[in-house]
Amino acid sequence: MTNYDHLLELHELAVRESRRMHEHRPLFEVLRREEGRHLTGIVGPRGAGKTVLLKQLAASEKDSLYISVDALEEGADLFETIKNFSERYRFHRFLLDEVHFLRGAMGDLKKIHDFLPDVRVVFTGSVALAIHDSMHDLARRVRIYPLEYFSFREFLAIRHGENLEKISLDDLLADKISTDHLRASRHFSSYISGGLLPFSLEEPDPLHLLRGTVSKIIARDIPTTRRLRIDELPTLEKFIAFIAKSQVDGINYTSLSKNLGITKYKAEQYSEAFEQAFLLQRIFPAGTNVLREPKILLMPPLRLLHRPMDEAVGGLREDYFALAMRQAGIPIQYLKSTTGQKTPDFLIEHRDRKIVFEIGGKGKGRSQFKGVTADHKIVLAPNIAPSLGRMPLEMIGFLS
């Protein structure tokens, strides 16, 4: 039995709360202009602002209703709830938060799409696996949008009011970078140490909230979508902590298996689960005759939960690079030789050109490029002057 009055009260509170949230993510306008009968899904990490986005959408149109799935009573029928709200109160757009925790939700969404032609649904989820595993049921009825943490460019606009244009990869390679973009480097340290987290706008200690978010993902999100035993949860905590405390090079299924006392199969299973929960990124190797295990990076700034900045900064830079490239939709690979000699960190292929990147501090040299064949060989380091073959690491954050 659904308590409609209670849900209406919660909706009104959500709308009231949204009015103090003046900044909008770019996806807000995309969803406002969206047309068609398809279902709309938003997936992204916990804390990326999906709930805020839904509340802002609820406030933008009077025929929209925000519903937190957690507020539905146990056994509630989502289809009947939506149908009755539509018929009684003339709501036509329903904004469903964290829908993957409702048993049978995807079947209900399919039914809503097929039998309620005047209803539009936007839903969110923090576990990509739960959403994508249901895509075969929803078929062509759904369109999925990602909502990530702030890009560096978005952080500058929202936190500092500096609205800078995107920079194309071609312009970066040609050193076509404006003075304003270069001056923005002064904010990079605050961005990478927690400013990329949307909840940092209101929280003086975002890392404390991030720690709680990670705990919730381990205790609730991953067990909900994976068949794990209760006694595996402590291993999941050690899994993330070990990656955070280690140097980036050499973290793969084999090293995780050896150091955590688990099988390589379990290491791969846990890695995939954490990636689907947006806590880590797997970067696969380029070339042939190499070990096909991925290099495992974390989502920034997770390393700072386990190590101080001066110890974590090397890995954090690579984490940032991988995130920025993903936000820009640019696939990356890592380079690994068969003989163990030093190689650049990453490879991308762009317009039939191979571009290799080496990431480090201001003193990083070009020794890793020796013997490497590529169209562009670029050292990325924070807050350096751009020159031939050297680029400020921060500039990668303007690709999206």
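What counts and how
Residues numbered from 1 in each chain as written. Predicted model: local features only at pLDDT ≥ 70, side-chain atom pairs only at ≥ 80, totals over all residues. Heavy atoms only, no water. Pairing = 2+ DSSP bridges. Helix = DSSP H or I, 4+ residues; strand = E, 2+ residues; numbered from the N terminus. Axes fitted to C-alpha atoms, helices over the stretch in contact; angles between N-to-C directions. Phe/Tyr/Trp six-rings, centres within 6.5 Å; stacked < 30°, edge-to-face > 60°. Buried < 20%, exposed > 50% of the residue type's maximum accessible area, 1.4 Å probe, protein only. Lys NZ or Arg CZ within 6 Å of the ring centre and 35° of its normal. Lys, Arg positive; Asp, Glu negative; His and termini not counted. Salt bridge = Lys/Arg side-chain N within 4 Å of Asp/Glu carboxyl O. Polar contact = N/O pair within 3.5 Å; in protein donor to acceptor, adjacent residues only side chain to side chain. Contact = heavy atoms within 4.5 Å. Parallel < 35°, antiparallel > 145°, perpendicular 65-115°, else oblique. Nonpolar A, V, L, I, M, F, W, Y, C, P; charged D, E, K, R; others polar. Core = buried A, V, L, I, M, F, W, Y, C linked by side-chain atoms within 4.5 Å.

I'm lost on the sheet that holds strand E5 (residues 142–146) in this one. Help?
Neighbouring strands of a sheet are bound in pairs by backbone hydrogen bonds; such pairs are parallel or else antiparallel. As summarised here, the arrangement of the 5 strands in space is E2-E3-E4-E1-E5, forming an open sheet in which the pairing is parallel. Two strands bound the open sheet, and with one partner strand each, they are strand E2 (64–68) and E5. Strand-to-strand twist in this sheet, taken as the mean axis angle between neighbours without regard to direction, amounts to 20°. Pairing of strand E1 (residues 39–43) with strand E4 (residues 120–125), which is carried by 4 bridges, proceeds in the parallel orientation. Paired with glycine 41 across the bridge in E4 is phenylalanine 123.

Explain the packing of aromatic side chains to me, please; I cannot follow it from the model alone.
We describe a pair of aromatic rings using the distance from one ring centre to the other and the angle between the two ring planes. Throughout the structure, instances matching the rule amount to 17 aromatic pairs. On the basis of an interplanar angle of 15° and a centroid distance of 5.6 Å, the ring pair of phenylalanine 239 and phenylalanine 274 is categorised as stacked. Linking phenylalanine 239 in helix H13 (residues 233–245) with phenylalanine 274 in helix H15 (residues 264–276), this pair joins segments that are 35 residues apart in sequence. The class of phenylalanine 274 is buried, set by a relative accessible area of 0%. Grouping aromatic residues by their ring pairs yields a cluster made of Phe152, Phe155, Phe188, Tyr191, Tyr320 and Phe398. Taking NZ or CZ as reference, arginine 88 lies 4.5 Å from the ring centre of tyrosine 4, over its face. Note that lysine 111 overlies the ring of phenylalanine 79, its terminal NZ or CZ placed 4.4 Å from the centroid.

Just checking my understanding: could you explain the side chain of arginine 93 for this structure?
Structurally, the position occupied by arginine 93 is in strand E3 (residues 93–97). No salt bridge forms around the buried arginine 93; measuring N to O, its nearest opposite-charge neighbour glutamate 61 is 5.0 Å away. Within the structure, the side chain of arginine 93 is placed 3.0 Å from the backbone oxygen of leucine 57, a separation counted as a polar contact. The contact partners of arginine 93, leaving out residues within four places of it in the chain, are Leu31, Leu57, Ser60, Glu61, Asp63, Ser64, Leu65 and Arg120.

Sorry if this is basic, but what is going on with the packing of helix H11 (residues 188–195) against helix H16 (residues 309–327) here?
Across the interface, H11 lies against H16 with an axial gap of 11 Å and an inter-helix angle of 90°. When the interaxial angle is binned, H11 and H16 end up roughly perpendicular. Across from Phe188, Tyr191, Ile192 and Ser193 in H11, the residues of H16 making contact are Met309, Leu316 and Tyr320. The residue inventory of the contact of H11 with H16, partitioned by class, reads 6 nonpolar, 1 polar and no charged.

Please explain the nonpolar core as it appears in this structure.
The tendency in soluble globular proteins is for nonpolar side chains to be buried side by side. Tyr191, Phe274, Tyr320, Phe321, Met325, Leu380 and Ile396 are the most contacted members of the largest nonpolar core, which totals 76 residues. Per-element tally for this core: the top contributor is H16, with 8 residues. Every residue in contact with phenylalanine 321, bar those within four places of it in the chain, is listed here: Ile332, Phe346, Phe357, Ile359, Leu380 and Ile396. Counting residues in each nonpolar core, the second largest holds 27 residues, with Leu39, Val69, Phe85 and Val142 among its members.

How do you make sense of the environment of leucine 196 when you look at a structure like this?
In this structure, leucine 196 sits in the loop between H11 and helix H12 (206–225). Along the primary structure leucine 196 and proline 301 are separated by 105 residues, whereas in three dimensions their C-alpha atoms are 8.3 Å apart. When near neighbours in sequence (up to four residues on either side) are disregarded, leucine 196 contacts Tyr149, Phe150, Tyr191, Pro300, Pro301 and Leu323.

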